[in-house]
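Topology and contacts: notes
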Amino acid sequence: MLAKRIIPCLDIKNGTTVKGTNFVNLREAGDPVELGRAYSEQGADELVFLDITASHEGRKTFTDLVKRVAANISIPFTVGGGINELQDVDRLLNAGADKVSINSSAIRNPQLINDIAKHFGSQVCVVAIDAKQENNLWKCYLNGGRIETDKELISWAKEAADRGAGEILFTSMNHDGVKNGYANETLALLSESLPIPIIASGGAGKMEHFKDTFTQGKSDAALAASVFHFGEIKISELKEYLCAQGIVVRK
């Protein structure tokens, strides 16, 4: 059994880490370089850095900030936001990223998934999906949850996997920041439907939620932000708890 991964997420706006609820009401959560270094030292398995307004503002991810974070961590590093072409991927990998996360650009231009997988390998390409459940239907959203699309979660995730995505990062907009647990029923469906790892995002509030997404949701990794940023859960203690629950994690 592969070890389950714990992944803190740095949502970046104007160079600062922020966190909201249901994608709105953002509040500052600290310096991304300092947070990244702390998470790397605390035993996080990976770090995700999302420039959450890059697509909406029509600009590229802040390369200098990516370099500074990368220089201070020793764990795999995924970067997303404003990635629209292969040159963006090349620039971020050269800045220290190990993987890139594409979301809005993948929906607008699905061929980008094929191109990244072909040029850099599937392991570099994480397709992030922000989706909201309405009337039992999961609709995918663009530009940090601002624009609804006609894409349905499961079918779009399958297409992304078929095109060469190495992982799917699914954020439930309904669960984001609410801290009532992950969208485990839907995560399990994704895990059963796809041949690639699924990263759960949106809903972590206590340690049990991580256990539940690994057991009930069949997630391969769990991403969280505010519970780590504001010190509500310590990664070392979370891993000890998961071990005690019989879940395989990296020490």
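If you're wondering where the values come from, they're calculated on a predicted model, not measured in any experiment.

The rules behind each value
- Residues numbered from 1 in each chain as written.
- Predicted model: local features only at pLDDT ≥ 70, side-chain atom pairs only at ≥ 80, totals over all residues.
- Heavy atoms only, no water.
- Helix = DSSP H or I, 4+ residues; strand = E, 2+ residues; numbered from the N terminus.
- Rg over C-alpha atoms; globule rule 2.2 N^0.38 Å.
- Buried < 20%, exposed > 50% of the residue type's maximum accessible area, 1.4 Å probe, protein only.
- Contact = heavy atoms within 4.5 Å.
- Areas by Shrake-Rupley, 256 points an atom, 1.4 Å probe, with all protein chains shown as cover.
- Lys, Arg positive; Asp, Glu negative; His and termini not counted.
- Charge placed at Lys NZ, Arg CZ, Asp CG, Glu CD.
- Core = buried A, V, L, I, M, F, W, Y, C linked by side-chain atoms within 4.5 Å.
- Disulfide = S-S within 2.5 Å.
- UniProt positions renumbered as here; feature names shortened; annotations may be inferred.
- Polar contact = N/O pair within 3.5 Å; in protein donor to acceptor, adjacent residues only side chain to side chain.
- Phe/Tyr/Trp six-rings, centres within 6.5 Å; stacked < 30°, edge-to-face > 60°.
- Salt bridge = Lys/Arg side-chain N within 4 Å of Asp/Glu carboxyl O.

This paragraph deals with the overall build of the protein. Scanning the protein from N- to C-terminus turns up 11 helices and 12 strands. What you see for the protein is a C-alpha radius of gyration of 16 Å, in line with the 18 Å of a compact globule of 251 residues. Counting only C-alpha atoms, the protein reaches 45 × 40 × 35 Å along its principal axes. For the protein, buried positions account for 57% of its 251 residues. Sequence separation of at least 24 residues holds for 66% of the intrachain contacts in the protein that already meet a minimum separation of 6. When the accessible surface of the protein is summed, it comes to about 10,400 Å², and 45% of that surface belongs to carbon and sulfur atoms. Here the protein contributes 28 positive and 32 negative side-chain charges, whose respective centroids are spaced 0 Å apart.

On to the nonpolar core, then. V127, I168, F210 and F228 are the most contacted members of the largest nonpolar core, which totals 69 residues. Ranked by residue count, the leading element in this core is helix α7 (residues 153–163), at six residues. Residues contacting F210, with those up to four places away along its chain left out, are I6, Y182, A204, A222, A224, V227, F228, I233, L238 and L242. In terms of nonpolar packing, the next biggest core, distinct from the first, is built from 10 residues, I7, C9, A128 and I199 among them.

Okay, the state of the cysteines next. Counted by the stated rule, this structure contains zero disulfides. Considering cysteine sulfurs only, C140 is the nearest to C125, which forms no disulfide, with 15 Å between them. Owing to a relative accessible area of 1%, C125 belongs among the buried residues under this scheme. When its relative accessible area of 0% is taken as the criterion, C140 is described as buried.

For the rest of this paragraph, the subject is the UniProt feature "active site" (unreviewed entry) in the protein. On the UniProt side, "active site" (unreviewed entry) is annotated at positions that read D11 and D130 here. Spanning 120 residues, the named residues nonetheless gather at one spot, since no C-alpha pair among them exceeds 13.7 Å. Structurally, D11 is set in strand β1 (residues 5–13). The exposure class assigned to D11 is buried, which follows from its relative accessible area of 14%. You can see D130 is positioned in strand β7 (residues 125–134). Overall, D130 belongs to the buried group, its relative accessible area being 9%. Within the local environment of D130, its side chain forms a polar contact with the side chain of N103, the two groups lying 3.1 Å apart.

Here we take up the packing of aromatic side chains. Within this structure, the stated rule accounts for five aromatic pairs. Pairing W138 with F170 gives two aromatic rings, centres 5.3 Å apart and planes at 85°, and the pair type is edge-to-face. One end of the pair, W138, is in strand β8 (residues 137–142); the other, F170, is in strand β10 (residues 167–172), and 32 residues separate them in sequence. No difference in accessibility class separates W138 from F170, as the two residues are buried.

Scanning the model with the defined rule gives 13 salt bridges in all. Between D88 and R91 there is a salt bridge whose closest N-O contact spans 3.4 Å. Placement of both D88 and R91 in helix α4 (residues 86–94) is noted, with a separation of three residues, approximately one turn of the helix. Judged by its relative accessible area of 23%, R91 is partly exposed. Several salt bridges share partner residues, and in doing so they unite R5, E46, K99 and E167 into one network.

This paragraph deals with the environment of I247. Along the chain, I247 falls in the segment after α11 (235–244). Note: C-alpha distance between I247 and T215 (32 residues apart in sequence) is 8.4 Å.

Another aspect to go through is the side chain of S172. Relative to the elements of secondary structure, S172 occurs in strand β10. Once residues within four sequence positions are removed from consideration, S172 is found in contact with A131, W138, A183, S201 and G202.

In this section: unusual backbone geometry. Of note, N14 is a non-glycine position whose phi angle comes to about 55°, a positive value. Mapped onto the secondary structure, N14 falls in the loop between β1 and β2 (16–21). When its relative accessible area of 57% is taken as the criterion, N14 is described as exposed. If you check the backbone angles, N136 has positive phi at about 65° while not being a glycine. Among the secondary structure elements, N136 is positioned in the loop between β7 and β8.

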